[in-house]
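Chain and residue survey
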Amino acid sequence: MYQALLTRRYLLSKVMPLLAIAAVMLCTAMVLIVWSVMAGFLTTLLDSGKTLMGDVEIEASLNGLPYYEDLRDRLEADPAIAASSATVKAQALLGVLGGSMGVQVIGIDGPSYHAVTGFGETLWWRHLDEPLRKDLNEEDLRLKIPEGFEEFGLHLTEVDRETGANVPAVVLGINVANANFATGGGWIVPFVFMPQEEVTLTVLPISRNGAPINVQAQRFPVANEMRTRFYEVDANFVLIRRDALQELLRMDEAQRIEDGFEFGVIEESEHGEESFSAPRVVGVDPARVSSVLVRAAEGVSLGELKERVRQVYAEFVLAHDDANPKPPDSSRIIIQTWDERPGIRNFVQAVKKETALLLALFAFISLTAVFLVCAIFWSMVSEKTKDIGVLRALGASRLGVAWLFLRYGTAIGVVGSILGGVIAVLIVRNINPIHEWIGRALGIVIWDPEMYLFADIPNQVEPTKAAIVLGAGVLFSVLGALLPAARAASLDPVRSLRFE
Amino acid sequence: MTLILANDVRKTYRLGRVDVPVLKGATASIERGEWVALLGASGSGKSTLLHLLGGLDRPDRNTRNNGNGAGEVVFDGRALTSMSARELDRYRSESVGFIFQFYHLLPELTVLENSQLGAMIQHGRFGWMKRRRNERARATELLDRFGLGERLRHRPAELSGGERQRVAIARALMNEPALLLADEPTGNLDRATGGRILDALAAYHTELGQTIVMVTHDEEVANRAERILRLADGVVEEG
Ligand SMILES: Nc1ncnc2c1ncn2[C@@H]1O[C@H](COP(=O)(O)OP(=O)(O)OP(=O)(O)O)[C@@H](O)[C@H]1O
Ligand SMILES: [Mg+2]
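Rules and cut-offs
Sequence order sets the numbering: in each chain, residues are counted from 1 along the sequence as written. Chains carry letters and ligands carry numbers; both start at the beginning, A for chains and 1 for ligands, and go up in the order they are written. Reporting of local features is limited, given that this is a predicted model, to residues whose pLDDT is at least 70; pairs of side-chain atoms are given and counted only at 80 or more, and all residues count toward the totals for whole chains, interfaces and linings. Excluding hydrogens and water, the side-chain figures rest on all heavy atoms present in the structure. Elements are defined by DSSP. Helices are runs of H or I of four residues or more, strands are runs of E of two residues or more, and each kind is numbered from the N terminus. Values of the radius of gyration come from C-alpha atoms, whereas the globule rule sets the reference at 2.2 Å times the count of residues to the power 0.38. Burial here depends on accessible area, computed with a 1.4 Å probe over protein chains only, as a share of the maximum for the residue type. Under 20% is buried, over 50% is exposed, and the range in between is partly exposed. A contact between two residues is defined here by any heavy atoms of the two lying within 4.5 Å. For accessible areas, the Shrake-Rupley method is used with a probe of radius 1.4 Å. Any residue's cover is judged against the shown protein chains and nothing else. His is not counted, nor are the chain ends; Lys and Arg add positive charge and Asp and Glu add negative charge. One atom stands in for each charge, and that atom is NZ of Lys, CZ of Arg, CG of Asp or CD of Glu. We define a salt bridge as a side-chain nitrogen of Lys or Arg found within 4 Å of a carboxyl oxygen belonging to Asp or Glu. Throughout the structure description, domain borders are defined by an automatic or database domain assignment. By buried area we mean how much accessible surface two parts lose on assembly, using a 1.4 Å probe and totalling the loss over both. By the criterion applied in these results, polar contacts are pairs of N or O atoms within 3.5 Å in which, for protein atoms, one can donate a hydrogen and the other can accept it, and in which residues neighboring in sequence qualify only through two side-chain atoms. Asp, Glu, Lys and Arg are counted as charged, while Ala, Val, Leu, Ile, Met, Phe, Trp, Tyr, Cys and Pro are counted as nonpolar; the rest, among them Gly, fall into the polar class. What is meant by a nonpolar core is a set of buried Ala, Val, Leu, Ile, Met, Phe, Trp, Tyr and Cys residues, joined one to another through side-chain atoms within 4.5 Å. Surface patches are drawn from residues lacking salt bridges whose relative accessible area is over 30%; two like charges belong together within 9 Å, two nonpolar side chains (Val, Leu, Ile, Met, Phe, Trp, Tyr) within 5 Å. Between the rings of Phe, Tyr and Trp (Trp by its six-membered ring), a pair exists once the centres lie within 6.5 Å; its type follows the angle of the planes, with under 30 degrees stacked, over 60 edge-to-face, and the other angles tilted. Proximity is defined per residue: if any heavy atom of the residue lies within 4 Å of a molecule or strand, that residue is considered near it. Here the rule is simple: two strands pair whenever DSSP picks up at least two bridges between them. The rule for a disulfide is simple: a pair of cysteine sulfur atoms within 2.5 Å. A helix's residues, less one, multiplied by 1.5 Å, set its expected span. pLDDT expresses how confident the predictor is about each individual residue, on a scale running from 0 to 100.

Turning our attention to the overall build of chain B. Across its full length, chain B holds six helices and ten strands. Compactness check: chain B gives a C-alpha radius of gyration of 18 Å against a globular reference of 18 Å for 239 residues, within 12% of the reference. Classification of the 239 residues of chain B by burial places 56% in the buried group. A sequence separation of at least 24 residues applies to 72% of the contacts in chain B between residues at least 6 apart. Carbon and sulfur atoms make up 46% of the accessible area of chain B, which amounts to about 10800 Å² in all. Each charge class in chain B was averaged separately, 33 positive and 32 negative side chains, and the resulting centres sit 7 Å apart.

Here it is in C-alpha cells:
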C-alpha cells in the first residue's frame, strides 16, 4: 500500500521522473510513427498494385487456354465469383516517341476487365470539375478534358481520323512513355500529351508447339494513360484490346490444316490450269488466352475463392474431354491468388523486411530509454537511501522495497507510453499538414511524391500496433527500473539509516 | 518477566584490514514495562546495540550459540537469529517501534501519512483497505494526543524539530509495539522541547506500561528513565 502512495507522491514531486517520462514518451511516439507510416505505405502500395490483378488468376502456359468463354460462363455461374475476364499476356517491344523499350502487354476485354480489376479508375486523363487543393493556378490539364473521355480507354478503342472506323487502341502506364511530370500537388503535367500519339507494338508469336513464328509489328493509337501508383506497373505495362493482341500473337481463331502439308507445290487441275497446292482444312483452332482473372463475391475469402476456381476448372476440363484441342488439365495451369504472384510476394517481403529492419533500429535506439530510466532510478535510490532504511526499520521487506521501485517504473512507463501514443496519433493523423508546413517553413521536402508514388503520406495508426508499442514502452521502463530496484532491495538497513 | 535480552553479544566492524570491536560481550536484560536508558559516550556502540535489539542488524556469528544462547538477542523467549527474513520483518513491524535522533520522516508524505506508514506496511494492500478508516482514526487520535491535531496535512518540512519528533513517535507507536527503541530522541532538540518529548514518552509509559529503551549520552535525560545502563568499552554496566 505504501508503494502506491509513495509512487504517486514521487511522480508528482520530482523532476527526474519527468525526464524519464519524456524519454519513454519520445521513444514510443517515434517507433509508433515510423511503424504506422511504413505499414500504411505498404498497404497503400499493395492496394494500388492489386489494381490490374483481380483476386485469383488462372494462368496457362505459352500454349494458351482455349474455350475461355465457356470457362468464364462456368466461373460466373458460381456464387463465390463476382466477375471474370480473359486476358492475353506477352512481352513486347514498344516504339514510342522515337525510342523503343521492352514492356509487358496485356490484351484485355475492357468492360469485363474493369469488372474484375476496376482498372477504369486508374485511367488518368479524364474530366475533372474542381482543381486539386494545391493547384492554385489551375495547371491541371484534366480540367480541360471533356467528360466521357475515359470511355476510349475503357474500351481500348479509338476512332480512326481518316476512315472514321473504330480501331483498337492501347493504354500506357503513366510512366511508360516518360512524357509526364508528377507535381508535388498530385497532378501531372505532360511534356507530350500521349493520348494524341501513336505507338508501335512488336511481338514474337509462338506456335502451338512452342516455335517462334515471324515477328509481328503494328501501330496503335494511344487511348489514355493509367496510373495505378504501383511503380512496376506504371512504368512497364501496356494494355491493348484483346482481339488485336490475339491476332498479333496468332492466338485468334484459325483454320487447322492437315499435318505434313507442303506449301509451294504446283498442282495441275483437271482443266489443265496450274496453281499452288491448297492445304486441306481439317478443323478449327479455337482462340486462346493466357489467363483468366476472377474477382471474389462479397465476403468470400481469397482461400475460398481459389478453391472454388480450382473445382470449376476441373469440371471445365472434364466437359471438354473429347474436344480437339483439349484445354490444359489442372496440373498444367497455375491457379494463384494475387498476393501469391512471385513479383508481388517478393516485393511485399522486401518491404516487410525493410520495415522490420527500421523497427529493429528504432527499438534499439529506444533501449536508451531503458538506460535513462535505469540511471534516473539509480540516482533516486541513492537519494532515497535513508528513506529505504526507515521503511525497512518499520518492517518493510526487501521485496516490498523492490516492488516500490518496480511499481514506480511501471507508472512512469504507463504515463510515458500513453503520452507517446497520444503524440504519435496526433502527428500521424496530421502528418500531411505538418509535412507541408515543414516544407514551407524550412524548404525541406522529406516525402518526395515522385519517389514514393503517393501524393500523401499514409496517416493511419492501427490500434494493435499502438497496443504493442505502448506495451513495449511499459516493459522497457520496468526493465530500466529492475536493476535499481534490486539494489534498493539489497541495501543494508543499518547502513541506509547511517547514510548521510 | 524479561521482554528482551542481549546475552553477551559481540559486534565487530571491519574497516579495511582492521577489525574494530564495538560490542565485546554486552549483556542487558529489559523487563516488560520498564523504561531503560542506555547511556554512553559518542562512539561507544549505543546505536549498534539498539539496532541489534530491533532486529535491524545481527550480532557477530562466530561468537553465537555456544550452547547457552550466548551471543544472541532473545525477544520474548525467541532468538532473533533463529528467525527467517520474513519473521524478522514482521518482528520489526509488529513488536518494535523505532525513534531516531533525526526523525527520519519521509518528506513527500504528510504528517498523517507518515504516522500511518508502519501500519500500511504491516497490513499490506488489502488489509489496509479494510481497516484504513480505523487506522486513520487511531493515527489522528495519537497525533492529537501529541498536539498535532491541526497539522495532519502538513509536510515534515513545514514543522519544527520538536513537532517532527512527535510525528516520529506517533509513527513508532501506531502498531502498538511491545518495545519502543529511541535513539537519542531529544539529541537534536533544545532542552525545553526535549523535555516535552520526554514528558510525552513518560506519559505513554506510565499510562499504558510501554516498554522503552532510550539511548542518550546526556545524564539528565537518562535520569528520566527508571533504570540506567552504561555502555563503555563494549560492555554494559548497571547503574
Ligand atoms: N558500518 C560501520 N563500519 C565501520 N564502523 C562502524 C560502522 N557503524 C558504526 N561503526 C563504528 O562503531 C562505533 C559505534 O558506533 P555507534 O553508532 O553505535 O556509536 P554511538 O554510541 O551510537 O555513538 P553516537 O552517540 O555518536 O551516536 C563507532 O566507532 C563507529 O565508527
Ligand atoms: Mg548513535
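This part is about the overall build of chain A. Each helix and strand counted, chain A has 15 helices and 19 strands in total. Computed over the C-alpha atoms, the radius of gyration of chain A is 34 Å, more than 25% above the 23 Å expected from 2.2 N^0.38 for a compact globule of 500 residues. Expressed along its principal axes, the backbone C-alpha trace of chain A runs to roughly 135 × 60 × 35 Å. The burial tally for chain A puts 49% of its 500 residues in the buried class. The long-range share in chain A, meaning contacts at least 24 apart out of those at least 6 apart in sequence, stands at 76%. For chain A, the exposed area adds up to about 24600 Å²; of that, 58% sits on carbon and sulfur atoms. Chain A carries 44 positive and 60 negative side-chain charges, and their two centres are separated by 19 Å.

A separate point is the pattern of salt bridges. When charged atoms on two side chains of opposite charge get close, those side chains can pair. A full pass over the atoms with the stated rule returns 35 salt bridges over all chains. Here glutamate 219 of chain B and arginine 230 of chain B are joined by a salt bridge, their closest N and O atoms 3.0 Å apart. Remark: arginine 230 of chain B occurs in strand E9 (residues 227-232) and glutamate 219 of chain B occurs in helix H6 (residues 219-222); sequence separation between them is eleven residues. Judged by relative accessible area, arginine 230 of chain B falls into the partly exposed class, the value being 28%. Several salt bridges share partner residues, and in doing so they unite Glu69, Arg72, Glu76 and Arg242 of chain A into one network.

Right, let's talk about the domain arrangement of chain A for a bit. Taken domain by domain, chain A consists of domain 1 (2-46 + 347-497) and domain 2 (61-252 + 287-332). Look at where the C-alpha atoms of domain 1 of chain A and domain 2 of chain A centre, and you get two points 50 Å apart.

A word on the interface of chain B and chain A. Frequently, the measure chosen for interface size is the accessible area that the parts lose on association. Taken residue by residue, the interface counts 28 residues in chain B and 26 residues in chain A. Between chain B and chain A, a total of about 2400 Å² is buried, with carbon and sulfur atoms accounting for 66% of that surface. Inspection of the region where chain B meets chain A yields three salt bridges. Linking arginine 392 of chain A and aspartate 89 of chain B is a salt bridge whose minimum nitrogen-to-oxygen distance equals 3.7 Å. Connecting chain B to chain A are four residue pairs in polar contact (both at pLDDT 80 or more). Among the secondary structure elements, those contributing two or more residues to the side of chain B that touches chain A are helix H1 (46-53), helix H2 (85-94) and helix H3 (111-145) of chain B. Residues belonging to the side of chain B that touches chain A are distributed by class as follows: twelve nonpolar, eight polar and eight charged.

On to the nonpolar core. Core analysis: the biggest nonpolar cluster contains 111 residues, and Leu391 and Phe405 of chain A together with Tyr91 of chain B have the highest contact counts within it. At ten residues, H3 of chain B tops the list of elements feeding residues into this core. Aside from chain neighbours lying at most four places away, what touches leucine 391 of chain A is Tyr2, Leu6, Ala396 and Leu404 of chain A together with Leu106, Leu117 and Ile121 of chain B. The next biggest cluster of nonpolar side chains, apart from the first, holds 48 residues, and it includes Ala179, Leu201, Val238 and Val317 of chain A.

As a further point, take a nonpolar patch on the surface. Taken together, the side chains of Val414, Ile418, Val422 and Leu426 of chain A define a hydrophobic patch exposed on the protein surface, amounting to about 330 Å² of accessible area. Residue placement: valine 422 of chain A occurs in helix H11 (residues 398-429).

A separate point is the packing of aromatic side chains. All names here are of chain A. Evaluated as defined, the whole model comprises eight aromatic pairs over all chains. Centroid distance tyrosine 113 to phenylalanine 119: 5.3 Å. Interplanar angle 55 degrees. Geometry classified as tilted. Residue class for phenylalanine 119 comes out buried when judged on its relative accessible area of 0%. With 5.2 Å between their ring centres and 75 degrees between their planes, tryptophan 125 and phenylalanine 193 make a pair best called edge-to-face. Of this pair, tryptophan 125 sits in the loop between helix H4 (110-117) and helix H5 (150-155) while phenylalanine 193 sits in the loop between strand E9 (188-190) and strand E10 (198-203), and the two are 68 residues apart along the sequence. Per residue, the accessibility class of tryptophan 125 equals that of phenylalanine 193, and both read buried.

The next thing to look at is the site of ligand 1. Around ligand 1, 13 residues are found, and the nearest of them are Arg498 of chain A together with Ser42, Lys46, Ser47 and Thr48 of chain B. Neighbouring residues of ligand 1 are not confined to a single chain but are spread across chains A and B. Note that an oxygen atom of ligand 1 is positioned 2.5 Å from one of the side-chain N or O atoms of serine 42 of chain B. One of the side-chain N or O atoms of threonine 48 of chain B is found 2.5 Å from an oxygen atom in ligand 1.

Time to look at the environment of leucine 201 of chain B. Residues and elements named next belong to chain B. Examined against the element boundaries, leucine 201 turns out to sit in helix H5 (residues 191-208). A C-alpha to C-alpha distance of 17 Å links leucine 201 and aspartate 190, two positions eleven residues apart in sequence. Non-local contacts of leucine 201, meaning those with residues more than four positions away in its chain, are made with Trp35, Ile99, Ile169, Leu180 and Ile212.

Further remarks concern the sheet that holds strand E5 (residues 78-79) of chain B. Hydrogen bonds along the backbone pair up the strands of a sheet, which may run parallel or antiparallel. Residue and element names in this part refer to chain B. Strands sit in the order E2-E1-E4-E5 across an open sheet of four strands; the sheet is antiparallel. In this open sheet, the two strands that pair with only one neighbour each are strand E2 (18-31) and E5. Relative to strand E4 (residues 72-75), strand E1 (residues 2-15) runs antiparallel, the two being bridged by four bridges. Pairing of alanine 6 across the sheet is with valine 73, part of E4.

What follows deals with the state of the cysteines. All names here are of chain A. Per the stated rule, a full pass over the model turns up zero disulfides over all chains. You can see cysteine 27 has no disulfide; the closest cysteine sulfur is in cysteine 374, sitting 15 Å from it. Given a relative accessible area of 16%, cysteine 374 falls into the buried group.

The next subject is the environment of glutamate 69 of chain A. Topologically, glutamate 69 of chain A is positioned in helix H3 (residues 68-77). For the pair formed by glutamate 69 of chain A and glycine 299 of chain A, sequence separation is 230 residues and the distance between their alpha carbons is 25 Å.

Relative to the 40 Å expected for 28 residues at 1.5 Å per residue, helix H14 (residues 463-490) of chain A spans 40 Å between its end C-alpha atoms, a close match to the ideal helical length. Within H14 of chain A, burial applies to Lys465, Ala466, Val469, Gly473, Ser477, Gly480, Ala481, Pro484, Ala485, Ala488 and Ala489 of chain A.

Confidence along chain A averages 87 in pLDDT terms, with 94% of residues attaining 70 or more. Of all the helices and strands in chain A, helix H13 (residues 449-452) of chain A carries the lowest mean pLDDT, 55, while strand E12 (residues 237-241) of chain A carries the highest, 95.

Together, Asp129, Glu130, Glu138 and Glu147 of chain A make up a negatively charged patch on the protein surface. Among the residues examined, glutamate 130 of chain A registers a relative accessible area of 60% and is labelled exposed.

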